[in-house]
Amino acid sequence: MSFHDHPTSPSPATGLPGFATWRSVYLVVLGFLALWVVLLTLLPRLFP
Amino acid sequence: MNTLDYLVLLGTLVGITAYGVWRTRGRRDLKSYLKGTGNNSWLVIGLSVMATQASAITFLSTPGQGYEGGLGFVQNYFGAPVALIVISVVFLPIYRRLDVYTVYEYLGQRFDRKTRLLSAALFLIQRGLGAGITIYAPAIVLSTVMGWRLDFTIIGTGLLAVIYTVSGGSDAVSVTQKYQIGMIFAGMLAAGWVLVAQLPANVSLTDALTVANHFHRLDAVDYSPDLHRRYTFWSGLLGGGFLALSYFGTDQSQTGRYIHGGSLRESRLGLMFNAVFKIPMQFLILLLGVLMFVFYQYETPPVFFNETAWKQQAASGKDGAQLHALQADFNAAHAEERQELSTWLAARRSGDLPAADVARDLALAAESRAQSARDETKNLIRRTDAKLGNDADYIFITFILRHLPHGIIGLLVAAFFAAAISSKAGELTALGSTTTVDLYRHIVRQDLPDAHYLVASRWFTAMWGVVAIAFALFAQLTENLIQASNILGSVFYPVVLGVFLTAFFLRWVGGTAVFWAAITAQLAVYVLYRTLTISYLWYNLIGCVLCMALAVAVQLVLSRETSSSLS
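Residues numbered from 1 in each chain as written. Chains lettered and ligands numbered in written order. Predicted model: local features only at pLDDT ≥ 70, side-chain atom pairs only at ≥ 80, totals over all residues. Heavy atoms only, no water.

### Thoughts on the overall build of chain B
Turning to step 1, where the next piece is worked out: In terms of helices and strands, chain B carries 21 helices and zero strands.
Turning to step 2, where the next piece is worked out: Taken over the C-alpha trace, chain B has a radius of gyration of 25 Å; the compact-globule value for 567 residues is 24 Å, and the two agree within 12%.
Turning to step 3, where the next piece is worked out: Projected onto its principal axes, the C-alpha positions of chain B cover 85 × 55 × 50 Å.
Turning to step 4, where the next piece is worked out: For chain B, with 567 residues in total, the buried portion stands at 61%.
Turning to step 5, where the next piece is worked out: For chain B, the share of sequence-separated contacts (at least 6 apart) that also reach a separation of at least 24 residues comes to 86%.
Turning to step 6, where the next piece is worked out: As displayed, chain B has an accessible area near 20,800 Å², and 63% of this comes from carbon and sulfur atoms.
Turning to step 7, where the next piece is worked out: Charged side chains in chain B number 42 positive and 36 negative. The centres of these two groups are separated by 11 Å. (Helix = DSSP H or I, 4+ residues; strand = E, 2+ residues; numbered from the N terminus. Rg over C-alpha atoms; globule rule 2.2 N^0.38 Å. Buried < 20%, exposed > 50% of the residue type's maximum accessible area, 1.4 Å probe, protein only. Contact = heavy atoms within 4.5 Å. Areas by Shrake-Rupley, 256 points an atom, 1.4 Å probe, with all protein chains shown as cover. Lys, Arg positive; Asp, Glu negative; His and termini not counted. Charge placed at Lys NZ, Arg CZ, Asp CG, Glu CD.)

Have a look at this one:
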C-alpha cells in the first residue's frame, strides 16, 4: 500500500501516538476549562 | 463527638484497612506488588489519581481558605487540565511503552545512571517530607480540637496506611482509594447540605451568594500581572500548570497510579477524568468555605478558630486582658454587622435601594472592624507562639463540631482521616518502589531473585511510613497547611520536570549536561525562594526553564570541547 492509499490523511502530529484519535477529547477538556474560567470571571456579576 | 461518631469513625477506618488487606491477600510476586494486576479501569485510575492528590489537607484546609480569602485559590488549578493533556499526549505513551516500574527508570535509559539517581533522590526527599505533612495536617487540627494526644493521632493514622500498603502494595492503594474518595465526597456533600439548610429562614441561597459577593468572597479570577500576588489567572495557568505537570507527570506517587492501568486508553481516560473534574471539585470545596463565611454572619463565630490556643493564652498569657477586650470588640462589631445585613437584605427586597446601600456600607464597615479585631488577636497569639497564629485550618472543623448532627460529625472526621490515609498510602507505595527499583536493585544488590526484592520493597515501604510519622511528630508548620504542601512541591518539583522535559523534547542533550544543570538549577531555585517575594507558583516555571536552559548551555560547551579535542 503506497502513501496515497491511506483512506484518511496521516496525523500531522507524527510521533504522538493516538493524538489524532484523542484530539476531540482534548478539545472537550479544554472547552470545559474555558467554560470554567468564563463562569468564574462572571460569577460576581451574577449576584449583584 | 459522641459514641455514634466514634463508632462511625472507627468502623470506617478499620473496615477500609481490613478490606485493603483482604482484597490484596496473596500478593507474592514483585510485578503485581509494585505495579498492580494491570487491569484497573479508567474510573478506578481516575479516582486513585484524585484520592492521592486530594489529601486531608484539601478537605480540611480549603474551606478555611474559602472563608478567609474567597474563591481565588481555585486559580491555582487552571493549569492542571492543560498539564494533564500534555502528560496524556507525551509522557504516558513513553512510560507505558518502556513498561517501567518507576518513571526514574526512564531517565536512566534516556540519560544515564547519575541523572536517574539524582531525580529519584529529589523525589524521595520531597515526597518523604510531603508524606509527613500528609499525616501531620489532620492530626494537628483534629487532636487540638478533640483534645486527643497529637503523637497518638499521628502514629495511629500513619500505621493504618502502613498496614495495608505493606501488605497489598499498589493494588491495595487503588482498591481502597475508590471507597475512601466516595466517603469523602459523601461527607462533604452532607456538610454542604446541612450548611445551606441552617442558613436563616429569610436568607435564600441567592441571598447568601449576594452577601458573599459584596464581601469579595466570589472574586475568583484576578487577571493582574503582579508577580507578588499569590493567586492570579497567570500564576495559576503558568505556575500552576507547571506544578501540575511536574506533580502528575514526574512524581512517582502519581505516575504509579495511572501508568500501570488496563490499557493506554484506560490510563488516558483516568487522566482526562481528573482534567475535567479537578477545577469543579476545588471550586465546590472553596464554595463550602464561602457559604460558611455567610453562615457565620448570622451566628457568632469565635474571634480565633483555634479556640484551645486562644483559651490557653487568655488564661495564662500576659495578653489575657487584651485578648478578652479584642473578643468583646469582635462580638460587638459582629452583632452590628448582622443587624445591618438583615436591614440591607430587607431593603433590597422592598426595592428601597438608597437604604440598602447605606445598610450595606455599614455592614462592610462593621466587618472591617471585626476583621481588625481578629487580625490583632492573631498577631498577639503569633507573638507568643508563631505556629499558632494561623487559624484557617480550624475553621471547617469548628463548624462541623458546633453545627452538624452526630453521625455526620463522625462521618466527616472519618473522611478527613480516610483522605490522609489514602494519600499517604499512595505516597508510601511510590517511595517504597522507588527505593527498591532505583536505589536498592540498581546500586546495592543487583541480579537477585524477585522474591528478594519483594521482601525488600515491603521493608522500604514500612521504613518510609516510619520516616513520615517521625517527620510529622517533629513538624513545626506556620503556613496554612495546604500552602505549605504546595510550597514544598514548588521548590523541589520544577527541576525534576526540567530534566523530564529535556529528555522528551531536547533529544541532543546528554546525561552529564542535564545532571549538572539540574543541580545548579535546584540550588538557584532554593536561593531565589529564600530571597524573592514573588508567588511560590512562579518557581515551577522558573526552575523548569532554568534547568532546561542550563542543560542546553552545558551541552553546547561539552560538544564544543569534544569537537575541539577531536580536531
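### A look at the confidence of the model for chain A
Turning to step 1, where the next piece is worked out: The share of residues in chain A with pLDDT of 70 or more is 62%, and the mean pLDDT across the chain is 74.
Turning to step 2, where the next piece is worked out: For the stretch residues 1-14 of chain A, pLDDT sits under 50, and the model shows five contacts to residues farther than four places along the chain or on other chains. (pLDDT = per-residue confidence, 0-100.)

### Quick notes on the interface of chain B and chain A
Turning to step 1, where the next piece is worked out: Listed per partner, the contact involves 31 residues of chain B and 19 residues of chain A.
Turning to step 2, where the next piece is worked out: A combined buried area of about 2,200 Å² lies between chain B and chain A, and 80% of that area is made up of carbon and sulfur atoms.
Turning to step 3, where the next piece is worked out: By the criterion of area lost to chain A, the three top residues of chain B are B:Ile85, B:Val89 and B:Arg268, representing 22% of everything that side buries.
Turning to step 4, where the next piece is worked out: At the boundary of chain B with chain A, the tally comes to zero salt bridges.
Turning to step 5, where the next piece is worked out: The tally of links from chain B across to chain A stands at six residue pairs in polar contact (both at pLDDT 80 or more).
Turning to step 6, where the next piece is worked out: The greatest single-element share of the side of chain B that touches chain A, amounting to nine residues, is contributed by helix H12 (residues 264-298) of chain B. (Buried area = accessible area lost by both parts, 1.4 Å probe. Salt bridge = Lys/Arg side-chain N within 4 Å of Asp/Glu carboxyl O. Polar contact = N/O pair within 3.5 Å; in protein donor to acceptor, adjacent residues only side chain to side chain.)

### Re the packing of aromatic side chains
Residue and element names in this part refer to chain B.
Turning to step 1, where the next piece is worked out: Using the criterion set out here, one finds 38 aromatic pairs over all chains in the structure.
Turning to step 2, where the next piece is worked out: Consider the rings of phenylalanine 233 and tryptophan 234, whose centres lie 4.8 Å apart with planes at 85°: the pair is edge-to-face.
Turning to step 3, where the next piece is worked out: The class for phenylalanine 233 is buried, based on a relative accessible area of 12%.
Turning to step 4, where the next piece is worked out: Aromatic rings pair up to connect Phe91, Tyr95, Tyr104, Tyr106, Phe123, Phe500, Phe504 and Phe505 into one cluster.
Turning to step 5, where the next piece is worked out: Here the basic side chain of lysine 114 rests over the ring of phenylalanine 515, its NZ or CZ set 5.7 Å away from the ring centre.
Turning to step 6, where the next piece is worked out: In this structure, arginine 217 is placed above the aromatic ring of phenylalanine 293, and the distance from its NZ or CZ to the ring centre is 3.9 Å. (Phe/Tyr/Trp six-rings, centres within 6.5 Å; stacked < 30°, edge-to-face > 60°. Lys NZ or Arg CZ within 6 Å of the ring centre and 35° of its normal.)

### What about the pattern of salt bridges?
Residues and elements named next belong to chain B.
Turning to step 1, where the next piece is worked out: Counted by the stated rule, this structure contains 17 salt bridges over all chains.
Turning to step 2, where the next piece is worked out: The residue glutamate 266 makes a salt bridge to arginine 265 at a minimum N-O spacing of 3.1 Å.
Turning to step 3, where the next piece is worked out: With a relative accessible area of 17%, glutamate 266 lands in the buried category.
Turning to step 4, where the next piece is worked out: Among the ionic pairs, arginine 360 bridges to aspartate 361, the shortest N-O distance being 3.2 Å.
Turning to step 5, where the next piece is worked out: Linked by salt bridges that have partners in common, Glu68, Arg374, Lys378 and Asp391 make up one network.

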